[in-house]
Amino acid sequence: MSARVLGLELRRSAALWAGLAVAPAALTVAQAGNGMAVVIGDQRQALILMMPLATAVGAWQARRDRRSGTSDLLGTSPRPAWHRYAHTAAALGIGVVVAYALILVVAAVFAARVGAHYPVDYWVKSMIVTAWLTAAVLLGAAIGRAISWVVTPPLAALSMLVGLTAIALFTDTEVGPGPHPGTWLLPPAPSYDSYITLLTPEAARAQLVWAISCAAAAGLLYVATRWLPLVALGVAGAGLVAAMTLLPEYLHQGVQMDETAVVPVCTPEEPVVCALRVHPLVLDDLRGPGGEALTALSERLPNPPNRVEEAYYSWTGYPDPWMPEPARDVVSAEIYTDGSGRLALTPTETLWSVALGAGTAACPNVPQEMWDRDATARVVAAAWVLQETPPEPDPDGYFNWIPPPNVTRPAYEALLGLPEDVQYAQVAAYRDSALACTGEDRLALLLDGES
Amino acid sequence: MISPSGPHHAIALLLRSRRIGPWLAIALGSTAALRGIAGLATEAFTDRPDVSAAFGFYAVTIAVACAGPGLAGPDLELDRAAARDWRPLRLAHVVLIAGLVSALVATAGSSQQTLGPAAQILRNTVGLTGVLALGAVALGVARCWVPGVLLTVAAPFLAFRFGGDPPAWAHVITWPVEIAASRVSWVMALALATVGTAAYSLLGPRA
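Residues numbered from 1 in each chain as written. Chains lettered and ligands numbered in written order. Predicted model: local features only at pLDDT ≥ 70, side-chain atom pairs only at ≥ 80, totals over all residues. Heavy atoms only, no water.

## Observations regarding the overall build of chain A
Here's step 1: A tally of regular secondary structure across chain A gives 17 helices and 6 strands.
Here's step 2: The C-alpha atoms of chain A give 28 Å as radius of gyration, which overshoots the globular expectation for 451 residues (22 Å, by more than 25%).
Here's step 3: With the C-alpha coordinates aligned to their principal axes, the bounding extent of chain A is approximately 100 × 40 × 35 Å.
Here's step 4: Taking all 451 residues of chain A together, 53% fall into the buried category.
Here's step 5: Long-range pairs, those at least 24 residues apart, make up 71% of the contacts in chain A between residues at least 6 apart in sequence.
Here's step 6: Working note: accessible area of chain A is about 19,600 Å², and carbon and sulfur atoms make up 61% of it.
Here's step 7: Side chains of chain A give 26 positive and 41 negative charges; the mean places of these two sets differ by 23 Å. (Helix = DSSP H or I, 4+ residues; strand = E, 2+ residues; numbered from the N terminus. Rg over C-alpha atoms; globule rule 2.2 N^0.38 Å. Buried < 20%, exposed > 50% of the residue type's maximum accessible area, 1.4 Å probe, protein only. Contact = heavy atoms within 4.5 Å. Areas by Shrake-Rupley, 256 points an atom, 1.4 Å probe, with all protein chains shown as cover. Lys, Arg positive; Asp, Glu negative; His and termini not counted. Charge placed at Lys NZ, Arg CZ, Asp CG, Glu CD.)

## A word on the state of the cysteines
Every disulfide links exactly two cysteines, by a covalent bond between their sulfur atoms.
Residue and element names in this part refer to chain A.
Here's step 1: Taken as a whole and assessed by the stated rule, the structure comprises 2 disulfides over all chains.
Here's step 2: Residue Cys266 pairs covalently with Cys274 via a disulfide, S to S 2.1 Å. The sign of the S-S torsion, about 100°, decides the handedness of the disulfide formed by Cys266 and Cys274: right-handed.
Here's step 3: Relative accessible area serves as the criterion here: at 0%, Cys274 is assigned to the buried category.
Here's step 4: Here Cys363 connects covalently by a disulfide to Cys437, the sulfurs 2.1 Å from one another. Judged by the sign of its S-S torsion, about -95°, the bond between Cys363 and Cys437 is left-handed. With a gap of 74 residues between them, Cys363 in the loop between α13 (347-359) and α14 (371-386) and Cys437 in the loop between α16 (420-436) and α17 (442-448) connect regions that are remote in the sequence. (Disulfide = S-S within 2.5 Å.)

## A few points about the domain arrangement of chain A
Here's step 1: Partitioning chain A into domains gives domain 1 (3-257) and domain 2 (264-448).
Here's step 2: Each of domain 1 of chain A and domain 2 of chain A has a C-alpha centre, and the two are 45 Å apart. (Domains from an automatic or database assignment.)

## A word on the pairing of strand β4 (residues 272-276) of chain A
Successive side chains on a regular strand alternate, one facing one side of the sheet and the next facing the other.
Residue and element names in this part refer to chain A.
Here's step 1: The buried fraction of β4 amounts to 5 of the 5 residues, a majority that puts the element mostly inside the structure.
Here's step 2: Burial along β4 is two-sided: Val272, Cys274 and Leu276 facing one way and Val273 and Ala275 facing the other are all buried.
Here's step 3: One ladder, built from 3 bridges, connects strand β3 (residues 264-266) with β4; its direction is antiparallel. The residue of β4 that forms the bridge with Val265 is Ala275.
Here's step 4: Inspection of the sheet shows β4 paired to strand β5 (residues 307-310) by 3 bridges, in the parallel sense. Counted as the bridge partner of Val273 is Val308 from β5.
Here's step 5: Between the parallel pair β4 and β5, the chain is carried across by helix α12 (residues 281-300), and the sense of this crossover is left-handed. (Pairing = 2+ DSSP bridges. Right-handed = clockwise from strand over helix to strand, strands pointing away.)

## Examining the environment of Tyr412(A)
Residues and elements named next belong to chain A.
Here's step 1: Along the chain, Tyr412 turns up in helix α15 (residues 405-416).
Here's step 2: For Tyr412, a relative accessible area of 9% puts it in the buried group.
Here's step 3: Here Tyr412 is in contact with Val380, Ala383, Trp384, Gln387, Glu388, Thr389 and Pro390, once residues within four sequence places are set aside.

## Brief notes about the pairing of β5(A)
Residue and element names in this part refer to chain A.
Here's step 1: Of the two faces of β5, the one lined by Val308 and Glu310 is fully buried and the one lined by Arg307 and Glu309 carries no buried residue.
Here's step 2: Relative to strand β6 (residues 330-333), β5 runs parallel, the two being bridged by 4 bridges. In the sheet register, Val308 faces β6, and the bridge partner there is Val331.

## Some words on the sheet that holds β4(A)
All names here are of chain A.
Here's step 1: The strand order across the open sheet formed by 4 strands is β3-β4-β5-β6, and the pairing between neighbours is mixed. Whereas interior strands pair on both sides, the edge strands pair on one side only; in this sheet they are β3 and β6. Strand after strand, the sheet turns through a mean of 25° between neighbouring axes, direction not considered.
Here's step 2: Contacts from α12 reach β3, β4, β5 and β6 within the one sheet, and its direction differs from that of β4 by about 140°. (Axes fitted to C-alpha atoms, helices over the stretch in contact; angles between N-to-C directions.)

## Let's talk about the interface of chain A and chain B
Here's step 1: Taken together, the 25 residues of chain A in the interface contact 27 residues of chain B.
Here's step 2: In total, about 2,200 Å² of surface goes out of reach between chain A and chain B, with carbon and sulfur atoms giving 88% of it.
Here's step 3: Among the residues chain A hides against chain B, the three largest losses belong to Leu158(A), Val162(A) and Leu169(A). Together they make up 24% of the total.
Here's step 4: At the boundary of chain A and chain B, one finds 1 salt bridge.
Here's step 5: Between Asp42(A) and Arg161(B) there is a salt bridge, and its shortest N-O distance comes to 2.7 Å.
Here's step 6: The tally of links from chain A across to chain B stands at 2 residue pairs in polar contact (both at pLDDT 80 or more).
Here's step 7: Sort the elements by how many residues they give to the side of chain A that touches chain B and helix α9 (residues 152-172) of chain A lands first, with 11 residues. (Buried area = accessible area lost by both parts, 1.4 Å probe. Salt bridge = Lys/Arg side-chain N within 4 Å of Asp/Glu carboxyl O. Polar contact = N/O pair within 3.5 Å; in protein donor to acceptor, adjacent residues only side chain to side chain.)

## A look at the pattern of salt bridges
All names here are of chain A.
Here's step 1: As enumerated under the stated definition, the model contains 13 salt bridges over all chains in all.
Here's step 2: The shortest N-O distance in the salt bridge between Lys125 and Asp121 comes to 3.1 Å.
Here's step 3: Residue classification places Asp121 among the buried positions, given a relative accessible area of 4%.
Here's step 4: In this structure, Glu309 and Arg307 form a salt bridge, with 2.9 Å as the shortest nitrogen-oxygen distance.
Here's step 5: We classify Arg307 as partly exposed; its relative accessible area is 25%.
Here's step 6: What you see here is one network of salt bridges that share partners, running through Glu269, Asp284 and Arg287.

## Some thoughts on the nonpolar core
Here's step 1: Counting residues in hydrophobic clusters, the biggest one holds 121 residues, and the most contacted among them are Val22(A), Trp132(A) and Phe55(B).
Here's step 2: With 12 residues, helix α8 (residues 122-146) of chain A is the single largest residue contributor to this core.
Here's step 3: The contacts of Phe55(B), once residues within four sequence positions are left out, are Val162(A), Ala166(A), Leu169(A), Leu34(B), Ile37(B), Ala38(B), Ala41(B) and Leu115(B).
Here's step 4: Ranked by size, the runner-up nonpolar core spans 43 residues in total, among them Val308(A), Leu343(A), Leu356(A) and Ala358(A). (Core = buried A, V, L, I, M, F, W, Y, C linked by side-chain atoms within 4.5 Å.)

This is the structure we're talking about:
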């Protein structure tokens, strides 16, 4: 390969445009505060956007000879045609790879600023994204070379978009348990992969092998003359077979918990408030309201909790979702972060979320007909601890689920109407029941002392 | 018998120079293919009306984008040299694209709204035809599909990212995937259609 010709191709071809097709990946960088698993996960989701654009650029580039009327002239050259195509393919590939690498560098700088957590599979996933982008631009070039109509670029791009949409749609139903490991081979990652999970080494290898084999096959298709298209099919087929043998039997077996992401990062001083390592900025927002809630709980409860820990939930513990273990001395706070990795709740909402159920997590086994009563009990217990009237539901905010004031406030006043020692005893009994998640009517327990 | 210099002959030549035949073939083929995929999807996802609307949107985009190369004849200079006012013909061409595509896609998806509600198809066709015409004026006919394709790629993604509560500026991009009752989406589509059609009719395409 001639460096001079490659340099010419880099300047004169659509390599720059191929790089611009990768631009949507840059939008994900601002999420670094939520952990780099979120950044790379969003980049994989954005493939549904970037791959059609890259395909269009490849198809546009491949029509160049036809567009400029030089096909016949170039056909008279004794140089094999693949020499010429190889330079163009390399220029297009360099365009997407360099652009994506630049985005990764910017992401790294941003991540360093916010102390973001890097999962160990981050770089493998980056390579998978790179391979898919390269595959898309080269497949577009192969299509553009084979069918050099003026409408080929938009047709190729929109066909890619329709294909990816249809595949994402039809495989979305397969997220549940079942033998559908092939879903792992789609460019956008299945929703099994989350901010606190890692791909297993086998699943990561399978995805990488498949994506690279697709990129290689697309490149071969573009430069192919005579029998080389058959080789391209062989490369893709071999990649598929290799990937399938690496994939686990079930979809959920392709991920594992990222133990380093869920390590608690705690305040050094009392009262201890902890957030997960995966989004450390949360601690800045949780520290104040969490400490305030702990102080209130310690004033109102016997055996009060002495720390607040961010709770997390995961499907990794299939068949049962993983949930925080109820503990008397720890409040598991349910956390919602915004796009930048900060707490999405206001300080007041955070304070209430920690105090809910007198510092207990919601039980997963509450029957549906009891949801409203259980929610009322959780809000009333928090109001009693904080010595504040229950808040009104907020349809657009965190409090969208709580029962209306005409339900919570009479219940709160009924509790306050009891003798003070009875109030303390019934809230303590309520808390014991909520920690044990026994199947009782906890609103009756809170207000009447018996369920 | 059609005389070589008669109006019928002129219309036949005009339609040929505007590549109406290949465009119709591609529009019919792509709409049929998307109707097939959307049919499978609507059977599988009976509770997801947005799915059929998405495929209807794609069908409209493909049919409209493929009309792009026909927005100019093979030789722009030759057209300009002709002693003919092209403005009414250009206006008619844009109206023809919007009318044919909306009728084609709406008819293809008419059974159980397989390609989405007809009002949504009409809105998207009108808006995207305006974008195509604007692209022909600003970028030339060879590249006039670019803004429409960018919009089609970005709109579902942005709408998904913003969920049910997009910021005001996002409607500029997400209007094609909004429901037919969304007033702002109609304002966007009609504004783009008006500006695009007016610019193309009055100024003509770039090479």
